[in-house]
Structures are given as structure tokens and as C-alpha cells.
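# Structural features, examined
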Amino acid sequence: MRFAVNLSMLFTEFPFLERFEHARRVGFSAVEFWFPYEEDLEAIAQELRRLRLELVLFNLEAGNFAAGERGYACHPDRRQRFRETVERGIEVARRLGCRRLNALVGNVLPHVPRLDQRRVLVENLREAARALERWGITLLFEALNPYDAPDYFLHSSAEAFAILEEVGQPNLRFQYDVYHMQRSEGNLTYTLTRNVDKIGHIQIADSPDRGPPGTGEINFRYLLGRIEASGYGGYVSAEYRPQGPSAESFGWMREVLP
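In this report, the structure presented in the accompanying data block is examined. (Residues numbered from 1 in each chain as written. Predicted model: local features only at pLDDT ≥ 70, side-chain atom pairs only at ≥ 80, totals over all residues. Heavy atoms only, no water.)

### Brief notes about the pattern of salt bridges
Enumeration over the complete set of coordinates arrives at 18 salt bridges. Between Glu91 and Arg88 there is a salt bridge; the shortest N-O distance is 2.8 Å. On the criterion of helical spacing, the pair formed by Glu91 and Arg88 is a turn pair, its members being three residues apart in helix α3 (residues 79-96). Each of Glu21, Arg25, Glu47 and Arg50 takes part in a single network of salt bridges with overlapping partners. (Salt bridge = Lys/Arg side-chain N within 4 Å of Asp/Glu carboxyl O. Helix = DSSP H or I, 4+ residues; strand = E, 2+ residues; numbered from the N terminus.)

Below, the structure written as C-alpha cells:
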């Protein structure tokens, strides 16, 4: 399997631009992060080139993340804003050589019927995927668990797969976050292996504390073995909270890998 590391959750004891080199030092050749829009893009591009790192994923702009916003792809009154974030995402992805963009779909609007929000989400994802397809970029979207993100529109993989089928774009895939899906619904192995053709990226952390694999309730040795046997060809990205220095948190790769 191909592994990546999320620089928005690991190596955060260092300034952002220094995290790339620390990831390389511990053996990663691929990285991801959440939002690059406030960072020095040219400096990021230079670090990627210098260290021969592949940037495999970042998120479309998602509003005021610190205040609880989680995107707006399902918001009827923010469709133009979503289009603008897609165009900006494409611009940044091309500059940084990234082939996957993840869309946070947004929080539920209490005054808008859920079916109306779902219709807008389907239309926005279809339009965005078509825009990204011209540049060879895959669009991802994800579900979050209802404990960490109770207001988020999408909590289940089943609804996500139904939306993916309805959108019908070949470059749209589900981003399967093992931590979120364990807390939301469990049944990880069955869901992942049965739907491997619909999954474009996997992120891992243990549950319930979002720590490194092996610190919680998930049997990662079994799960990762089944993912590998399924023929999944994408990246598996470490996106957890280290319980000490980030560089010392990767013992799980020796202990739980098949």
C-alpha cells in the first residue's frame, strides 16, 4: 500500500513549511494537508520539489473552519461561492501538482428541507467534478461522524455512495475516513472492501480518541490487510493526533501492518 501523512495533524510542533522535511525524514514520499490558501504556495511548491514529495490531497476552501463551518456544497444560497472555491482549488492544485481535491459538503441548514439540500449537493458535486475532469483531477467528498460534527450534512457511507451514484461522474469518489466511519457506523471491513471501486482515498486514525493505529479499538492489522487484498490502489493517509512527538508515532507501521 501507498502511505501518506497529513501535515495539518502531524508534525504540528513545527512551523508549516518545516513539516515537509520532517515527513521526508521519517520515510514518507507523499503528504496531504487541509487548507493551503493562507500559506505561501510558491514556498510549498519549492519544498515539494526539493524533497521529491508528492502532494496527494488537500481540501477545497470550507468557510470559517475554526468557528464550525464545514463547507457549503449543500447550501442553496452559496452556490456561487462554491463555484469560486472550485476554481480556486483547481488553480492551487495545478500549481502544486495535486490530483485530488476533497470537498467538505457543509452543515445542515435547519430552515431548508433536507431533500432540497441534497439536490443542491448533487448538482454542485456534478458541476465541480466536470470542472476538475478537464484537468485530470479527482473530486472527493467525505462523511464525518455525528459526535465530532453533529451539524454536518453527511454522516453515513451509505448515503455518500448513493449520492456518488446519482452524480454519475467518473472522477468523483468517496473519501473514506476510518476514524469517522468507525464512530458513525462501524462495519469497516465490509463497507470498504465491498465499495472499493467507489473509494478514492482513505484516511486512518484509531477510535475513539483519534490517536495512532493501535491505540484504540480498531484492528488495523486485519483491516489494512483486507484493504490491500481488495485491490485498492489509492493512498492510505495517516491523519491522527500523535500522543507525543510526531516522529515517534509511527511504530504502528511496524506493529500493525500485515
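Next comes the rest of the account.
### A word on the packing of aromatic side chains
Describing an aromatic ring pair means giving the distance of the ring centres and the angle of the ring planes. Counted according to the given criterion, the structure contains 15 aromatic pairs. Judged by centre distance (5.3 Å) and plane angle (75 degrees), the rings of Phe161 and Phe174 are edge-to-face. Residue Phe161 is found in helix α5 (residues 157-167), and its partner Phe174 is found in strand β6 (residues 172-177); the two are separated by 13 residues along the sequence. For the ring pair Tyr240 and Trp252, a centre distance of 6.3 Å and an interplane angle of 85 degrees mean the geometry is edge-to-face. Placement of the pair is Tyr240 in the loop between β8 (235-238) and α9 (252-255) and Trp252 in helix α9, with a sequence separation of 12 residues. By the burial criterion, Tyr240 is buried, and Trp252 matches it. Through pairs of rings, three or more aromatic residues link up here, namely Phe3, Phe11, Phe28, Tyr240, Phe250 and Trp252. Above the ring of Phe153, the side-chain terminus of Arg114 is found at 3.9 Å from the ring centroid. One Lys or Arg, Lys198, reaches over the ring of Phe161 and ends 5.9 Å from the middle of that ring. (Phe/Tyr/Trp six-rings, centres within 6.5 Å; stacked < 30°, edge-to-face > 60°. Buried < 20%, exposed > 50% of the residue type's maximum accessible area, 1.4 Å probe, protein only. Lys NZ or Arg CZ within 6 Å of the ring centre and 35° of its normal.)

### Some points on the nonpolar core
What tends to happen in soluble globular proteins is that the nonpolar side chains get buried as a cluster. Within the largest apolar cluster, 81 residues are counted, with the highest numbers of intra-cluster contacts made by Val5, Phe20, Val178 and Ile202. Sorting elements by how many residues they give to this core places helix α4 (residues 114-133) first, with seven residues. Ignoring any residue separated from it by four or fewer positions in sequence, one finds Ile202 in contact with Tyr176, Val178, Leu192, Ile227, Tyr232, Tyr235, Val236 and Ser237. Counting residues in each nonpolar core, the second largest holds six residues, with Ala30, Val56, Leu140 and Tyr235 among its members. (Core = buried A, V, L, I, M, F, W, Y, C linked by side-chain atoms within 4.5 Å. Contact = heavy atoms within 4.5 Å.)

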